[in-house]
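# Examining the three-dimensional arrangement
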Amino acid sequence: MDEISTELDSLNTEVISHMNGWLDMIGGGSASRWIGALVVLVVFFILKRVLAAGVLVGLRRLAHQNKQSMVANVLDAFALPLQVLVMLVGVYFAIELLKLPEAITSTLFEVLSILAGFSVFWAMFRAVEPIGVSFNRLIGRFGAGLGDDLRQFFIRGVKTLIVVIGIVILLEGWGIDVSAFLGGLGLAGMAVALAAKDSVANIFGGLTIFADNLYKRGDWVETPHFEGTVEVVGLRATKVRTFSKALVTMPNAQIVDSPVINWSRMTHRRIKMVLGLEYRTTAKQMEAIVDQLRDFLKNDEDVAQTDVAQMVHLSDFGASSINIDLYYFTTTTDWVKWRDIRNRHIIAFKRIVEEEEAGFAFPSQSLYVESMPENFAKEQPSQEKSSKDKDDQREQRKIG
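Below is a summary of the structure that appears in this document. (Residues numbered from 1 in each chain as written. Predicted model: local features only at pLDDT ≥ 70, side-chain atom pairs only at ≥ 80, totals over all residues. Heavy atoms only, no water.)

Bringing the overall build of the protein chain into the picture now. Helix and strand counts for the protein chain come out as 12 helices and eight strands. Partitioning the intrachain contacts of the protein chain with sequence separation of at least 6 by distance along the chain shows that 65% fall at a separation of at least 24. When the accessible area of the protein chain is evaluated, it comes to approximately 26200 Å², of which 61% is carbon and sulfur surface. (Helix = DSSP H or I, 4+ residues; strand = E, 2+ residues; numbered from the N terminus. Contact = heavy atoms within 4.5 Å. Areas by Shrake-Rupley, 256 points an atom, 1.4 Å probe, with all protein chains shown as cover.)

This paragraph deals with helix H10 (residues 283–298). Residue pairs spaced three or four apart in an α-helix point in one direction, given the helix's 3.6 residues per turn. Here H10 spans 23 Å end to end across 16 residues, near enough to the 22 Å set by a 1.5 Å rise per residue. Of all the residues in H10, the buried ones are Gln285, Met286, Ile289, Val290, Leu293 and Leu297. Within H10, the buried residues cover an arc of 135° as seen down the axis, which keeps them to one side. When the buried face of H10 is taken as reference, the exposed residues oriented beyond 90 degrees from it are Lys284, Glu287 and Lys298. Next to the buried residues of H10 lie strand E6 (269–277), strand E7 (311–317), strand E8 (322–330) and helix H11 (335–355). (Expected span 1.5 Å × (residues − 1). Buried < 20%, exposed > 50% of the residue type's maximum accessible area, 1.4 Å probe, protein only. Arc of directions from axis to C-beta.)

What follows concerns unusual backbone geometry. The phi torsion at Lys245 lies on the positive side, around 70°, for a residue other than glycine. Checked against the element boundaries, Lys245 lands in the loop between strand E3 (237–242) and strand E4 (247–251). Residue Lys245 is classed as exposed on the basis of its relative accessible area, which comes to 65%. For Asp307, which is not a glycine, the phi torsion comes out positive at approximately 70°.

For E7 and E8, the ladder comprises six bridges, and the chain directions are antiparallel. Counted as the bridge partner of Asp316 is Asn323 from E8. Hairpin connection of E7 to E8: four residues between the antiparallel strands. (Pairing = 2+ DSSP bridges.)

Attention shifts here to the pairing of E3. Note on strand geometry: in a regular strand, side chains alternate between the two faces of the sheet. Sheet analysis places strand E2 (residues 227–233) next to E3, joined by five bridges and oriented antiparallel. When the bridges of E3 are listed, Gly228 appears paired with Thr242. Between the antiparallel neighbours E2 and E3 lie three residues. The sheet contact formed by E3 and E4 spans five bridges and is antiparallel. If you follow Thr238 over to E4, its bridge partner there is Met250. Linking E3 back to E4 in an antiparallel pair, the connection comprises four residues, with Lys245 at a positive phi of about 70°.

Here it is, written out as structure tokens:
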């Protein structure tokens, strides 16, 4: 670094001596120096335009031709800060030519150094986002939604770090002792850390979610606290839109410490169904119905045939029906398509049972009386006679 600084100083001295020599050739007076300073500003303004419209555009085209989109985007981010730096260099040389009083010159140079440092950090700040976007291929391994959350976290973190470092360096340039301030922050940080331990736990919980890839934006998740679709995976908390359209914000530490079911990671979606046949259904009919149900599921392209169970069996004698238990999976995990498939299958199962001239049972109870009371038969005729007499009396009243 010292060698580079020495070379820059010698180059600066040589350029200024040449410029002073040119001014001496045209008189070297105050007016000529102002004219020379104006010429220098015009030259650097033209150089800035050439840099923006020529060099940077050419480099961007070359980067696009070589499929280096990240380089092209970084050049776009650097364009404006570089133009500002070029103009600051022109102002520096113009001030050198004017031979202003030492106090004014030192003040102007200090302002220029601050602006130059600001331009450098400004360029770095602008370059963070295109560099972060270029990480798509790397962080895409975590999934589209989670990769985008990781990229946004990286961009925000690096931008914050650049701003903090830039402020510290600028304060040091102004002669402010930042080390004592940072030391005080270290002592105060212990108290803050103790007070903010929950926030720190949430941050580590967010990092755990990113590292373990528990879920990403758009996933359907279920925990003991909520169930819904993930909208935001933040560093401190996760926001989930429930199926009642309410927005739930849950700290990451609580989510990590509880079981999380990610329904969006299903490979297949399950269908469980029980068909209740009437007890008058014959054994031959039941065998035929079970065989047709199995054939139907085996030949349905919407039903998964491998890596999952597919079972159709007579399960038990129910209270009012003989039950057939169906257990199988669909190839799709989409909820709407799954409901359409289930709807189609119910109609098909109903048709299979009807073709075998059997029927579905419905809940019912049968009452069997083994014997009647002895006096019930004797009382019955007298009750019938009494009822008949009452009817005759009613008829006589109507006639009368």
